[in-house]
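Here is how the chains run, residue by residue.
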Amino acid sequence: MSGNGQKWVGKAVPRKEEERLLRGLGKFADDIKLHETLYLRFVRSPYAHAKIANISTAEAEKIPGVVCTLTGAEIASQTQPFIEIAPDAGGKIRDYPLAVSKVRYQGEPVAAVVAMSAAIADDGAEAVQVDYEALDPVVDAEQALTDASILHEDAGTNKVWNGVFEYGDVEKAFREAASVVEIDRMHFHRFSSTPLENNVVIGQWDPKDERIYYWCNNSFPSFAIQFLAAHLNVHIDRIRVQTFDIGGSFGIKITSYPQMAVCALASKKAGGRPIKWVETRSEHMTSSAHGNERTFRDTRVALDENGVITALTSRHIDDCGAYPRYEPLGCVIWSQVFPGVYRFKNARIDFSQAVTNKCPVGPNRGYSRMQHLWFLERVVDICAHELGIPADEMRLRNYIRPQEFPYTTPNGCVYDSGNYPKMLDLAKGLIGWDAWKKKQAEARKQGRMVGIGIGTTLDSGTNNFGQSQIVNPGAPFSGNSQGANCKLDIYGEVVVAVGSCPQGQGHETTAAQVVADVLNITPDLVTVRTGFDTERNVHTGFSGTYASQFAVSGLSAVHGAAQKLKAEMIRLGAHVLESKPEDLDFGIGGQGPEIRSKSNGKSINYWGLANIVNVNSAVLPPELYEVTLNCRYIWRAPFKVPDIKKKYGNLTMTYASQLHIAVVEVDRDTLIPKILDYVAIDDCGTVINPPIVEGQVYGATAHGIGAALLENCVYDEVGNMLTSTFSDYIPITAMNMPNVKYGHIETPSPHSYSGAKGMGEGGAAPIHTISAALQDALFDKGVFIQDSFNNADSLFRALHGEIGQTAKLVKVERRVGSKA
Amino acid sequence: MAIKFAGAFEVRRTPEDVYDFLTDPNKFAPLLPEFRGVSVEDAQNFTVKVNVGISYIKGVADVKLHLAESDRPKRAQYKGQGSVAGGNVSMVAAFDLALAGEVTRVAWQGEAQVFGRLTSVAGGLLEPLGKKQVQKLIDGLQAALHGETGSTL
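In what follows, the accompanying structure is described. (Residues numbered from 1 in each chain as written. Chains lettered and ligands numbered in written order. Predicted model: local features only at pLDDT ≥ 70, side-chain atom pairs only at ≥ 80, totals over all residues. Heavy atoms only, no water.)

### Digging into the overall build of chain A
The line we're drawing: By definition, any uninterrupted DSSP run of H or I lasting at least four residues is a helix, any uninterrupted run of E lasting at least two residues is a strand, and each is numbered from the N terminus. The rule is simple: take the accessible area with a 1.4 Å probe, protein chains only, and divide by the maximum for that residue type; under 20% is buried, over 50% is exposed, in between is partly exposed. A contact between two residues is defined here by any heavy atoms of the two lying within 4.5 Å.
A tally of regular secondary structure across chain A gives 22 helices and 29 strands. Seen through its principal axes, chain A has C-alpha atoms that stretch 85 × 70 × 50 Å. Every one of the 820 residues in chain A was classed for burial, and the buried ones make up 65%. Here the contacts in chain A between residues at least 6 apart in sequence split such that 80% fall between residues at least 24 apart.

### Some details on the interface of chain B and chain A
Our working definition: Once two parts are put together, the accessible area they lose, assessed with a 1.4 Å probe and summed over both, is termed the buried area. Salt bridge, as applied in this entry: a Lys or Arg side-chain nitrogen positioned within 4 Å of an Asp or Glu carboxyl oxygen. Pairs of N or O atoms within 3.5 Å make up the polar contacts considered here, provided that, within protein, one atom can donate a hydrogen while the other can accept it, and that residues adjacent in sequence are counted only when both atoms are side-chain atoms. Polarity classes work like this: nonpolar for Ala, Val, Leu, Ile, Met, Phe, Trp, Tyr, Cys and Pro, charged for Asp, Glu, Lys and Arg, and polar for all others, with Gly in that last group.
On the chain A side, the residues contacting the 15 residues of chain B number 17 residues. In total, chain B and chain A occlude about 1,100 Å² of area from one another, counting both sides; carbon and sulfur atoms represent 48% of this. In terms of surface lost to chain A, no three residues of chain B exceed Phe115, Arg117 and Ser120 of chain B, which account for 43% of the buried area on that side. The tally of links from chain B across to chain A stands at 0 salt bridges. In this assembly, chain B and chain A are joined by 5 residue pairs in polar contact (both at pLDDT 80 or more). Taken together, the residues that form the side of chain B that touches chain A break down as 5 nonpolar, 8 polar and 2 charged.

### Considerations on the pairing of strand 14 (residues 309–319) of chain A
Residues and elements named next belong to chain A. Under the convention used in this document: We treat two strands as partners when DSSP finds at least two bridges between them.
Burial analysis of strand 14 places 9 of its 11 residues in the buried class, the great majority of the element. In terms of strand pairing, strand 13 (residues 293–303) meets strand 14 through 9 bridges, oriented antiparallel. Among the inter-strand pairings, Thr295 is bridged to a residue of strand 14, identified as Ile317. The antiparallel pairing of strand 13 with strand 14 creates a hairpin that spans 5 residues between the two strands, and Gly307 there sits at a positive phi of about 80 degrees.

### Comments concerning the sheet that holds strand 23 (residues 592–597) of chain A
Residues and elements named next belong to chain A. Applied cut-off: A fitted line through C-alpha atoms represents every axis, and for helices the fit uses only the stretch in contact; the resulting angles, taken between N-to-C directions, go from 0 to 180 degrees.
Overall, antiparallel pairing links the 3 strands, which are arranged 22-23-24 in an open sheet. In the strand order of this sheet, the two ends are held by strand 22 (584–589) and strand 24 (603–605), each with one partner. Neighbour-to-neighbour, the strand axes of this sheet turn through a mean angle of 30 degrees, independent of strand direction. Taken together, the 3 bridges between strand 23 and strand 24 define a ladder with antiparallel strand orientation. Within the sheet, the bridge partner assigned to Glu594 lies in strand 24 and is Asn605.

So, in structure tokens, the structure goes:
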């Protein structure tokens, strides 16, 4: 009998998805071909801010093959504005999927054209005449907060949200500080994700059953249907969403619900025919979603005589683009990692969010936390440089210590486990820290600009949605949950469905590993359904794939469903095999997976068990009628609603950590920064599948390096996006990637059944790390790195006194007693 | 993206002649580079059709021009708006005329604001191309005024 207790969790099980994806056999949304499909193209605004004086679709409608057009005014007359998560005034914003009376960002859709082919739809879109009256654009969040030019008249202000997060005794800490460092301004730039597959929606409003069907690649469908049902005035059960293989999302595909709404409404107008919209790359760049941009002002840091940070105050301004959509959740999500990996207890952060005439933001890998973690790492490095403390030593003095876990942060989050000093040791060993320090000293003698930087970061996973009540006490969300179903199909096949929609994270494989361990079989005997489907009835209001949570929420749900199935199989098996439940063993026999009685040697395979329940049920005694071998399980995270007034409570289940070290040289002639060496250390607790984890670490590292050096959403002063193609927005490729030395440690989480922590976002560690390395390279030239994006141009400006001047922007007050 | 332009030239015509030329759509419009046709609505408003080609982006633009300021024979200012694949253009162009001895000095200045994806896909080309087209317009204007029959100073 095989399946003899071998455990699959933790093993390098080859990905079940690999075969079809590598051979081009994946099934993506655009692969779906439906009878009588029509094609949709958006007419998009060239202006960032303008009134719509007139829209004429007449010429478009004359084109043979154009079926219909749709405008914002038509949509507004038959729908509700999308739900706003913000309280007033942000809550008064009226957001429709097509602009109604004015446009608020370049690329905003103002009309849609539906045609027999995509090419005809293109021609039709060009024939739509829109007259605009340009308005003053606002492209800077600080400027937006002055309300000199208002984006949303209904709100009456550009400020979406403001709140002060204050903990400890800040004033006392500053009074007692040995040193105080002040930093005028820092800025985290706007970048995005560039998934291989853009957004795709096929929507059908079927008049035969008055249901709305979606075949798409949205990555948080249970969130999308909540928004869509309210917007379209339909019962949520009338919306069916299916996803398939998804070619990357990184969070960006969460906010495709406006386009989903347009496809459904266009289908309704077109008599119920399916409507397909396939986003172009430049549409994706200008108008899908970008990551949040954030400005940090008036930062003050109190330190004791050893360079240990004791308090911090700062004012943060987040730019959410033209419409909040998933926001203002980002105004609280950063506080999941309030102190980062550091021990300070006293802090006050005044956080505001503003709308600007730029593409709306959406959750982008490392969403909201990476901006804050970058800020903290900048603070640590600037203080270290100013006080003359080596970067590694500064961190060791300030890190949360291994023995302090589980560690409660000043705002009540509970960091489950970690060992940052150990990660630092491992990283230094892998990169050859001491050798690089010598090489750096020699290089500097030659006038070369070589820097070594450390970035320590967190990947908080499995949110407590109760944090939404911190931004809006009326928000009807708290906790977190995920569903899964595990069954023996009619012929005894083990089939798993889960409410996630993976985009390359290997959910089919890891779910199979978990179930295989529960049933003592092999993962190849477990079929895990691909993609998401509301009709599988395994989703909750939180289902989807986002926020580094599958290893905890998804696999806990799968584990729970498998346990339920196992319990039913034991109950049925005990009856059939005339054995005590405790005498039953699970494993694989001559006729496949089976249950065997240790007491009498009888066995029954899964086909036999499934047969009895599904097609031979007359042999079942009534007391076993409730056995279905089709077990749905909803896993719920054990969260409480946070204290809204104090902004206090546990906001996340697990905290994976990453520590990166980079050696970077700035070329003396071109000022192009080049990575000479790179190490990435990851700790995501118990590893479910090592190659999958390693792959996601490489992916997150590539994404972060791209963001640090190449990828920047640039807008000019009137709101033109200047980087809407890959010629200008340069996504990282294998050509730009350095060799990454990978290492990991495991500090199992006490908060998950398996010890695993959610991972995959990576905390944007490379952005922190490269900023640190560049500062190390340039600090003695009077430059501090005040922006998260650094290329030859920005470094030129820094070295020529235009930006990042330490003398102008950083002040240090050393008081008596300071050893640093 | 803003493209600013300014300059001056002198022509041996009276300011009245120059003004009348500049404010006559049927005379002024054909001088626009890549001119294809003009449709005059009234004395202050006309629409010019011009070919536009920026790198691989080619098309025909309808530019609506409005004579916003008309102070014969001192000043004429046009405001315009046009659209082409991938972008819109708003522009202001003013001509200030002054008698300078035996010639009329024509000081011209303006600004074109470009909106839309065009700024991304052709951003780097727009400013030099815009300035080149403006220079063509001015050259054409000078040539036309030199050849125009009228009151020579």
